[in-house]
Amino acid sequence: PAIDVDAFQNTTVQKQTIILHVGRFFRQLHHKRQDVLVEIFRQLVTKHPSVTGKWRLVLVGTVEDAEYAAEVAQAAKGLPIAIKHQVSRAELIELYQQASIYWHATGYGVDASQHPEKMEHFGISTVEAMAAGAVPVVYAQGGQPEVLGDTLQQWGWQNQEEAIDKTWQLISHPAEMKAAQQLAQERAQHFDGQRFSEVLEEMIHA
């Protein structure tokens, strides 16, 4: 799908110590696994205490499974985690622009060869975050590796330990973080409307 990449870019908004995730709260089909992200964040602040008080995880998404949303909220208690179920489009774009890192865990814990439908099909929110200059530290299954491409593949992960280590690598090396954010914005251009039109035309006339 085409992404309005330009809508997420704003050089006047300063990056903050925010790790962002955007996705609906539900268990069915391609479950977004906010529960896993909360656990990864818990392990991150335990392993690297300096993160506490500086970095926070922000989970954004409407509720389709109230019981699951309540479980995630309970698991997040005592941690610097904000859960936002109702935000405007303008507020969401601002959060993308403020976020330094973007997390995604759809499909985690599922055998992709047996249940490919439970993986992230493409990852529109990942591209939107990239367009806003957030580094995608995401579960590298389904459509996500294609979104990352060669330039960002090093930030994909296969287990929780990798997610923690890659996130800490960025947090503890600001120059590397800044370079990765620039690469993320450049890679997001691959999915803009102009390229979508060009590829579609090529397919039609192939």
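About the criteria used
- Residues numbered from 1 in each chain as written.
- Predicted model: local features only at pLDDT ≥ 70, side-chain atom pairs only at ≥ 80, totals over all residues.
- Heavy atoms only, no water.
- Phe/Tyr/Trp six-rings, centres within 6.5 Å; stacked < 30°, edge-to-face > 60°.
- Helix = DSSP H or I, 4+ residues; strand = E, 2+ residues; numbered from the N terminus.
- Buried < 20%, exposed > 50% of the residue type's maximum accessible area, 1.4 Å probe, protein only.

A.B. asks: What exactly am I supposed to notice about the packing of aromatic side chains here?
C.D. replies: Both the distance between ring centres and the angle between the ring planes are used here to describe each pair of aromatic rings. Inspection of the entire model under this criterion finds eight aromatic pairs. When the ring of phenylalanine 8 is compared with that of tyrosine 96, the centres are 5.4 Å apart and the planes differ by 85 degrees; the resulting orientation is edge-to-face. Placement of phenylalanine 8 in the segment before strand E1 (18–22) and of tyrosine 96 in helix H3 (residues 89–98) is noted, with a sequence separation of 88 residues between them. The pair phenylalanine 8 / tyrosine 96 is uniform in exposure class, with both members buried. Relative to tryptophan 103, the ring of phenylalanine 41 lies with its centre 6.2 Å away and its plane at 70 degrees, an arrangement referred to as edge-to-face. Pair noted here: phenylalanine 41 is in helix H1 (residues 34–47) and tryptophan 103 is in strand E4 (residues 101–104), with a separation of 62 residues, a long-range link. When sorted by exposure, phenylalanine 41 lands in the same class as tryptophan 103, which is buried. A network of ring pairs unites the aromatic residues Phe8, Tyr96 and Tyr102 as a single cluster.

Everything listed is a geometric property; what it means functionally is a separate question.
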